[in-house]
2 protein chains.
Amino acid sequence: MKAVVLAIGDELVSGQTVDSNSAWLSRELGLRGIPAVRHETVGDDRPAIREAIARAAEEADWVLVTGGLGPTADDLTRDALADAMDATMHLDEQRLAEIRAFFEKRCRTMAETNKQQAMVPDGADSLPNTAGTAPGVLASLHGARVALMPGVPHEMTEMFRRSVAPALPDGDGAIVHRILHTFGTGESDLGGMISDLMQRGRNPAIGTTAKAGRVSIRIVARGETRSAANELAERDARELRSRLGERIIGEGDETMASVLGDRLRESGETLAVAESCTGGLIGKMITDPPGASDYFRGGVLAYDNAVKQSVLGVRADTLEAAGAVSGPVARQMAEGVRQSVDADWGVGVTGIAGPGGGTEEKPVGLVFIGVAGPEGTEVHRHVFPGDREYVRIRTALAAMNYVRVGAASAAT
Amino acid sequence: MKAVVLAIGDELVSGQTVDSNSAWLSRELGLRGIPAVRHETVGDDRPAIREAIARAAEEADWVLVTGGLGPTADDLTRDALADAMDATMHLDEQRLAEIRAFFEKRCRTMAETNKQQAMVPDGADSLPNTAGTAPGVLASLHGARVALMPGVPHEMTEMFRRSVAPALPDGDGAIVHRILHTFGTGESDLGGMISDLMQRGRNPAIGTTAKAGRVSIRIVARGETRSAANELAERDARELRSRLGERIIGEGDETMASVLGDRLRESGETLAVAESCTGGLIGKMITDPPGASDYFRGGVLAYDNAVKQSVLGVRADTLEAAGAVSGPVARQMAEGVRQSVDADWGVGVTGIAGPGGGTEEKPVGLVFIGVAGPEGTEVHRHVFPGDREYVRIRTALAAMNYVRVGAASAAT
């Protein structure tokens, strides 16, 4: 049992709009044990849509299609399905009445062009749209079931839940996805530590994805039942946690900031930040989770050296001798903000985010992170690769990670 | 001349990650007059990748592929291309040296598994990756050119610009995209002001997209030559600027922060921020553009009331009488940071970002923005709809917009 997901529209294939429908549908299919093996996007071109549908129907048991069901001349998905089925179309009176009612309810008159939305290939069923005007279609082709749904995401999800999901069979058992997030270890080093789990063909399947210093590990477990799949996934998650330890920062929707926040809340400690090259990003990320006021006291954006001195008490002779981007300045920033804001943890960050400002001795990407805590102050030196945005995100995550690890050992 | 764009990865086809690379590449191709006619996504499955590449190469002149070039066992795009080319692979010593250097620069040792990243099908060229370890590949297959690029977006865009774009030919005619960004006027009001330009079938085609208070207006102009398309787009851009005036904040890659920065640089003024509910987001956004140190002095993250008092000098009686989320506190924050950091402009923001903390009198989304400038202080009250993230972004943009308009009038 497998599926192919198609998306139709010039705006997608030209790149004006990013298709998020296909990913959403794949997740829904996966939850039901039906893996999506392919996504395909074509423009508003009748032969191209017909070919994509026909090919998918030969390959898969289910073909889910979004887009191209609107009332205008470039909405051709219905016609293309009829072409692929070698069927004529008929007007579905009930759907037409629903479209009329949709407009009347909004004190508007239905345009004549909306009539084409109620056309259905002979032999197919039409699906009501409770959130818009474009009805869907459910048809059979080459032994596969083909569902056409609107491209507007909230109309699509509503129609999928009401009319398509109930028609889906139980797949061959169930697929459970879990995702664990690690930080600070490169993808290849991490891959080396878990290469036995990443063997192809193994169940669960394990894969990695890297993004800004975070490497996420996906677990995709197949089982005859949901609970069997869950059990397999849980076994691998435990194995990964035992091998990778503190490298794993969290799972699923957890982020560096949410996990750091949980640990500080647990340890009853507070945090303050002094940011130079990150310009506020660390504070922003720390306050992304609701309730951050439980542990975040605030801080200082010491972008200008004068602010480092006047508000944080960084010494002029240190700035002169070591330079603004230096370990001693990061240390004084961390200690200065910890003291001036009266927090348990103070973080001080200074660096060269680029693209300008680098020298041979102090290249772009050079960052010093000071972490002042109950047990004293540490300073860490990094040279991060990549562009300005990457260096800043990487710096913010590294800074939060030092406090995460520190706060954890304080809590135990 | 046409192109097909492929994306490779289990995380994409299973829906764990939304593919934005293909849309980005399609836009870049469109700018060069080469329409993308199809996107396809397959998982980390060697035969499936081989088939997708071979089919695309038969259909199109250019095939752009992202993903599956990493160092682990599930990175199979190189091998699949070699299969499609019926070629063996060889080790590219120069790429291997670059990968080694990448690790050495970061004081790390290259893992043995990274070696596979330097493998290239015989007869193909390898492309340097200046932002990561995965080199790309440029090959010929069935008369088409096939480019393999990494899936990590910033590595992909960097490699495309350096190594793939220069190899692309001029396509048939040209499509020019321009995009103007407005702020502060709703999408439907704005649509009413430019409805004549938004007629279907018109060239240029004009459309709008709304995001967090910003409404962007896309212009897509088609012409026989790049310069003819440019001229049509320029005519519409001028018309939009004349109708919408200060509502337009910038164009293309310009952002609220970059435009604000340009204006402050022009007026020779400096800026400081005092943030409560935004937690650092305003500073972060202001320092996104390189060179922000020309005008941004820094600021204070006054998340906790004690910090508002001790660092910014907000008065205890004001906090008690009006509450932390109030106009008088926003005013004192703006004036306090302007003075303590010695800047021409001070911004003070206090509000309830939610989801908790709202009351009947002070609901979630209530925000006060104080703007202290050379001519005095203004305070603006807003109630923004939406979730925590939306309220925070909306607040940051509104605060920057007040300074943008103020700095502009100061400059004239």
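Since we're looking at a predicted model, the values are computed, not measured.

Each value, and the rule that gives it
- Residues numbered from 1 in each chain as written.
- Chains lettered and ligands numbered in written order.
- Predicted model: local features only at pLDDT ≥ 70, side-chain atom pairs only at ≥ 80, totals over all residues.
- Heavy atoms only, no water.
- Helix = DSSP H or I, 4+ residues; strand = E, 2+ residues; numbered from the N terminus.
- Rg over C-alpha atoms; globule rule 2.2 N^0.38 Å.
- Buried < 20%, exposed > 50% of the residue type's maximum accessible area, 1.4 Å probe, protein only.
- Contact = heavy atoms within 4.5 Å.
- Areas by Shrake-Rupley, 256 points an atom, 1.4 Å probe, with all protein chains shown as cover.
- Core = buried A, V, L, I, M, F, W, Y, C linked by side-chain atoms within 4.5 Å.
- Pairing = 2+ DSSP bridges.
- Axes fitted to C-alpha atoms, helices over the stretch in contact; angles between N-to-C directions.
- Expected span 1.5 Å × (residues − 1).
- Buried area = accessible area lost by both parts, 1.4 Å probe.
- Salt bridge = Lys/Arg side-chain N within 4 Å of Asp/Glu carboxyl O.
- Polar contact = N/O pair within 3.5 Å; in protein donor to acceptor, adjacent residues only side chain to side chain.
- Nonpolar A, V, L, I, M, F, W, Y, C, P; charged D, E, K, R; others polar.
- Parallel < 35°, antiparallel > 145°, perpendicular 65-115°, else oblique.
- Left-handed = near helix turned anticlockwise from the far one by under 90°.
- pLDDT = per-residue confidence, 0-100.
- Phe/Tyr/Trp six-rings, centres within 6.5 Å; stacked < 30°, edge-to-face > 60°.

Looking only at helices and strands, one finds 14 helices and 17 strands in chain A. For 412 residues, the compact-globule estimate of 2.2 N^0.38 gives 22 Å, and the C-alpha radius of gyration of chain A, at 28 Å, exceeds that figure by more than 25%. Overall, the C-alpha framework of chain A stretches about 85 × 50 × 40 Å when taken along its three principal axes. Expressed as a percentage of the 412 residues in chain A, the buried residues total 58%. Taking the intrachain contacts of chain A between residues at least 6 apart in sequence as the baseline, contacts between residues at least 24 apart amount to 66%. Carbon and sulfur atoms make up 47% of the accessible area of chain A, which totals about 16300 Å².

As a further point, take the nonpolar core. Counting 68 residues, the largest nonpolar core has Met400 of chain A together with Met400 of chain B as the members making the most contacts within it. Among residues more than four places away in sequence, those in contact with Met400 of chain A are Met256, Ala257, Leu260, Ile282, Met285 and Ile286 of chain A. Leu312 and Met333 of chain A together with Ala302 and Met333 of chain B belong to the second-largest nonpolar core, a separate cluster that totals 28 residues.

Quick look at the sheet that holds strand β6 (residues 125-127) of chain A now. Taken in spatial order, the 12 strands make up an open sheet running β6(A)-β7(A)-β8(A)-β3(A)-β1(A)-β2(A)-β2(B)-β1(B)-β3(B)-β8(B)-β7(B)-β6(B), and their pairing is mixed. Taken across any chain shown, the strands that pair with only one partner, and hence form the sheet edges, are β6 of chain A together with β6 (125-127) of chain B. Shown here is a sheet whose adjacent strand axes are inclined to one another by a mean of 20 degrees, direction ignored. Judged from the 3 bridges that link them, β6 of chain A and strand β7 (residues 136-141) of chain A form a sheet pairing that is antiparallel. Paired with Ser126 of chain A across the bridge in β7 of chain A is Val137 of chain A. Of the strands in this sheet, β1 (3-8), β2 (36-42), β3 (62-66) and β8 (144-149) of chain B are in contact with helix α2 (residues 21-31) of chain B, which crosses β1 of chain B at around 160 degrees. Contacting β1, β3, β7 (136-141) and β8 of chain B, helix α4 (residues 77-85) of chain B runs over the sheet at an angle of about 15 degrees to β7 of chain B.

Let's shift gears to helix α6 (residues 153-164) of chain B. Three or four residues apart is the spacing at which side chains of an α-helix point the same way, because the helix has 3.6 residues per turn. Those residues of α6 of chain B that fall on the buried side of the exposure criterion are Glu155, Met156, Thr157, Met159, Phe160, Ser163 and Val164 of chain B. Where α6 of chain B is buried, its residues meet α2, β3, β6, β7 and β8 of chain B.

Compared with an ideal rise of 1.5 Å per residue, which puts 12 residues at 16 Å, helix α9 (residues 256-267) of chain A spans 16 Å between its outermost C-alpha atoms and is within 8% of the ideal. Backbone geometry just after α9 of chain A places Gly268 of chain A at a positive phi near 70 degrees.

A few words on the interface of chain B and chain A. The interface is formed by 75 residues belonging to chain B together with 74 residues belonging to chain A. Note on chain B versus chain A: buried area summed over both sides is about 5500 Å², and carbon and sulfur give 54% of it. On the chain B side of the interface with chain A, the three residues burying the most area are Arg297, Leu301 and Tyr303 of chain B, jointly 11% of the side's total. Joining chain B to chain A, the criterion identifies 12 salt bridges. Across the pair Asp304 of chain A and Arg297 of chain B runs a salt bridge, and its minimum N-O distance is 3.2 Å. On the surface where chain B and chain A come into contact, there are 31 residue pairs in polar contact (both at pLDDT 80 or more). Broken down by element, the side of chain B that touches chain A gets its largest block of residues, 7 residues, from β2 of chain B. The residue inventory of the side of chain B that touches chain A, partitioned by class, reads 28 nonpolar, 25 polar and 22 charged. Here strand β2 (residues 36-42) of chain A runs beside β2 of chain B; their pairing, made up of 5 bridges, is antiparallel. When the sheet's bridge partners are listed, His39 of chain A is paired in β2 of chain B with Thr41 of chain B.

Moving on, we get to the packing of helix α3 (residues 46-59) of chain A against helix α4 (residues 77-85) of chain A. Residues and elements named next belong to chain A. Running from amino to carboxyl end, α3 crosses α4 at an angle of 55 degrees, the nearest separation of the two axes being 8 Å. Regarding the angle of α3 to α4, the classification is oblique. You can see that α3 and α4 cross each other, and the crossing is right-handed. In this structure, α3 contributes Arg46, Ile49, Arg50 and Ile53 to the contact, and α4 contributes Thr77, Asp79, Ala80, Leu81, Asp83 and Ala84. Its residues assigned to classes, the contact of α3 with α4 comprises 5 nonpolar, 1 polar and 4 charged.

Time to look at the environment of Val367 of chain A. By the secondary structure assignment, Val367 of chain A is in strand β16 (residues 366-373). Leaving out residues up to four positions away in the same chain, Val367 of chain A has contacts with Val349, Thr350, Gly351, His380, Arg381, His382, Phe384, Val391 and Thr395 of chain A.

Reading across from one edge, β17(A)-β16(A)-β15(A)-β13(A)-β14(A)-β14(B)-β13(B)-β15(B)-β16(B)-β17(B) is the order of the 10 strands in this open sheet, with mixed pairing throughout. What marks the edges here is a single partner per strand, and that holds for β17 (376-383) of chain A together with β17 (376-383) of chain B. On average, adjacent strands in this sheet sit at an angle of 15 degrees to one another, irrespective of strand direction. Across 3 bridges, the pairing between strand β14 (residues 296-301) of chain A and strand β14 (residues 296-301) of chain B is antiparallel.

A word on the confidence of the model for chain A. Looking at chain A, the pLDDT average stands at 92 and 98% of residues meet or exceed 70. Interface confidence for the predicted complex, given as ipTM, is 0.73, next to a pTM of 0.74.

What follows concerns the pattern of salt bridges. Using the criterion set out here, one finds 58 salt bridges over all chains in the structure. Between Lys115 of chain B and Glu112 of chain B there is a salt bridge, with the nearest N and O atoms lying 3.8 Å from each other. Each of Arg38, Glu40, Glu51, Arg55 and Glu59 of chain A together with Arg38, Glu40, Glu51, Arg55 and Glu59 of chain B takes part in one network of salt bridges that share partners.

Okay, the side chain of Ser326 of chain A next. All names here are of chain A. Tracing the chain through its elements places Ser326 in the loop between α12 (316-322) and α13 (327-340). For Ser326, a relative accessible area of 4% gives the class buried. Separated by 2.8 Å, the side chain of Ser326 and the backbone oxygen of Gly323 make a polar contact. Apart from the residues within four sequence positions on either side, Ser326 is in contact with Thr350, Lys362 and Phe368.

Right, let's get into the pairing of β16 of chain A. All names here are of chain A. Among the 8 residues of β16, 8 are classified as buried, and the element is accordingly described as predominantly covered. Side-chain alternation along β16 places Leu366, Phe368, Gly370 and Ala372 on one buried face and Val367, Ile369, Val371 and Gly373 on a second face that is also buried. Two strands pair when backbone bridges link them, and strand β15 (residues 345-351) and β16 are joined in this way by 6 bridges, in the antiparallel orientation. Within β16, the position partnered with Thr350 by the bridge is Phe368. Two strands pair when backbone bridges link them, and β16 and β17 are joined in this way by 8 bridges, in the antiparallel orientation. Residue Ile369 lies in a different strand from β17, and its bridge partner there is His380.

Right, let's get into the packing of aromatic side chains. All names here are of chain A. Using the criterion set out here, one finds 6 aromatic pairs over all chains in the structure. With a centroid separation of 6.0 Å and an interplanar angle of 80 degrees, the aromatic rings of Phe102 and Phe103 are classed as edge-to-face. Look at Phe103 and you get buried, because its relative accessible area is 7%.

Right, let's talk about the pairing of strand β1 (residues 3-8) of chain A for a bit. All names here are of chain A. Along β1, 6 of the 6 residues are buried, which leaves the element largely enclosed by surrounding structure. A two-sided burial pattern is seen for β1, the buried positions comprising Ala3, Val5 and Ala7 on one face and Val4, Leu6 and Ile8 on the other. Sheet topology note: the β1/strand β3 (residues 62-66) ladder contains 5 bridges and is parallel. Following the sheet pairing, Leu6 is matched in β3 by Val65. Bridge count between β1 and β2: 6 bridges; the pairing is parallel. Counted as the bridge partner of Val4 is Arg38 from β2.

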